[in-house]
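Summary of the model geometry
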Amino acid sequence: MRDFASASFQLSNLRLPHPNLDFLRFNRHEEQADDANFTAIVSTPVVVDNMVFSEYISGRPVVARMRGEPDMVGAQESAVAEYVKGQLHLMQYLEYYMCRPRYFLEQRHLLPLGDKARMELIERYYAFDEPVMLEFLSRKLNSRTRTYLPEVAAKTGIPVASCKRQFENIKRIAKQSEDEEGVPLVNEIMDRFALSEPLATHYAHILFLNINRVDTTKRCLAHFKFADFGFCASILIQYWTTPTSTMTLDDIDQPLTQHAQQLKSLLVENKANFDRLCTAVRTHIGSLVPKTPSGSSASTCTVPSSALLALLENRAVRGSTQIRAVLRVSFSIVADIGASSTLRSVLGTIVEKIVDSFASMGLRSEDMELFYDSVIIHSIGIVTEQMQDSAPAIEALSRTLTGTKLLGRRLFRQKSSIFGPLNKIRPVQ
């Protein structure tokens, strides 16, 4: 990436001959002179140093790093300092336009940079550190959070200047996107800030969790990382919001919540339907146990554990009651997701009331996935038989339980043990 700068030179020793030719005559208002002074404007390419740009947006000192660069070995300290000073002036000039990325792309006369170079600068400027952004998920983007930045820097090990840049970036994106209606937030961010789709998607997930105040600070969620919460936000958006969601609370799919309430009454509260569903699920999962002897090639599908089979066959204590409780919570979460309090605590509720329930019964995340898949399959027949307009209800059934399954699978933890670390995350395969 290169730019140009102008340099002014005073050429005072340039000698010109005495004008004695006809075409070089002076009028009476002009004075003849033997000497002439000129100012020359010379365009020279200036390199935007990638290393300096990276250090600048990271908030780290540049001079110390520059001294170790191969190009600067043996250079005088004053020369290195002057080079860094010039680069930092250029970075400050660029930063003004990084805050106005669309204007920076459209005004080509500002800098002779190609579109690819401009977009690369914007992408790098709006990149973020996941530990820093994790600290912003459950906080309001206001001046009070800005005063908290030194604590964020101390906790994450990221310089304060970089934390401030990331805070201002997310605040700027939130402010310019809050008034848009009927436009998916990812598309709006890509259009306004010229970001790539993956980065714009990350920002959309951050804003969804932040705007809706989804709690990520509960003790049961303490060991999860930014990537886990980003995945959970994508599931909430994909399965439980309207197709044209702008990632705000008003865009929770209200018909979905109504159908979830009806499905809970039909499949969980109705004892006959619940017993019928349990029987079908038990038969289906039992058929997945391989019949081949040990040592021979078995099916590639996931095999249910003995704990899951024992639970479904009611050999486990309170097995039927626990299954009913898990399904009731699964439907209740979606039925009440339109309430701000339910949405705020949705991740903690899934961990405490669904994931921990499966773990306490000795089940794996794979068992939970098998269970939900089987419930979806065999609930469709009951819904079709007992509901007149069954198509929307079947779609709501799939969205409700699939979303719960994917969230639970990502947040699945091993059962806590007094002999091991608490709240250990079970790896997702």
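Structure first, text after, so check above.
The paragraphs below set out a description of the structure included in this document. (Residues numbered from 1 in each chain as written. Predicted model: local features only at pLDDT ≥ 70, side-chain atom pairs only at ≥ 80, totals over all residues. Heavy atoms only, no water.)

Here we look at the environment of valine 268
Defined as follows: Numbering of helices and strands starts at the N terminus; helices are DSSP runs of H or I of at least 4 residues and strands are runs of E of at least 2. To sort residues, take the accessible area from a 1.4 Å probe on protein chains only and compare it with the maximum for the residue type: under 20% means buried, over 50% means exposed, and anything in between is partly exposed. Contacts were defined at the residue level, with two residues in contact if any of their heavy atoms lie within 4.5 Å.
Among the secondary structure elements, valine 268 is positioned in helix H13 (residues 254–269). The class for valine 268 is buried, based on a relative accessible area of 0%. Each C-alpha atom of the pair valine 268 and phenylalanine 331 lies 9.0 Å from the other, and the pair is 63 residues apart in sequence. With sequence-adjacent residues up to four places away left out, valine 268 is seen in contact with Leu263, Phe274, Arg324, Leu327, Arg328 and Phe331.

Some words on the nonpolar core
For clarity, the cut-off: By convention a nonpolar core is built from buried Ala, Val, Leu, Ile, Met, Phe, Trp, Tyr and Cys residues, the set being connected through side-chain atoms within 4.5 Å.
Within the largest apolar cluster, 118 residues are counted, with the highest numbers of intra-cluster contacts made by Tyr203, Trp240, Val346 and Phe358. The element contributing the most residues to this core is helix H12 (residues 226–240), with nine residues. The residues touching valine 346, leaving out its near neighbours within four places in the chain, are Val214, Leu236, Trp240, Ile333 and Ile337.

Things to note about the packing of aromatic side chains
Each aromatic ring pair is summarised here by two numbers: the centre-to-centre distance and the angle between the ring planes. Cut-off, in case you're wondering: Aromatic pairing here means that ring centres of Phe, Tyr or Trp (its six-membered ring) are within 6.5 Å. Orientation follows from the plane angle: under 30 degrees is stacked, over 60 is edge-to-face, and everything else is tilted. As a reminder, the over-ring test applies to NZ of lysine and CZ of arginine, requiring each to be within 6 Å of the ring centre and within 35 degrees of the ring normal.
One pass over the structure, following the stated rule, counts 13 aromatic pairs. Judged by centre distance (5.6 Å) and plane angle (75 degrees), the ring pair of tyrosine 125 and tyrosine 126 falls under edge-to-face. We classify tyrosine 125 as buried; its relative accessible area is 3%. With centroids separated by 6.1 Å and ring planes inclined at 50 degrees, the aromatic side chains of phenylalanine 358 and tyrosine 372 adopt a geometry described as tilted. With phenylalanine 358 in helix H18 (residues 346–360) and tyrosine 372 in helix H19 (residues 365–386), this residue pair connects regions lying 14 residues apart in the sequence. Accessibility assignment for this pair places phenylalanine 358 and tyrosine 372 in one class, buried. These aromatic residues form a ring-pair network of at least three members: Tyr93, Tyr96, Tyr97, Tyr103 and Phe104. Here the basic side chain of arginine 118 rests over the ring of phenylalanine 104, its NZ or CZ set 4.9 Å away from the ring centre.

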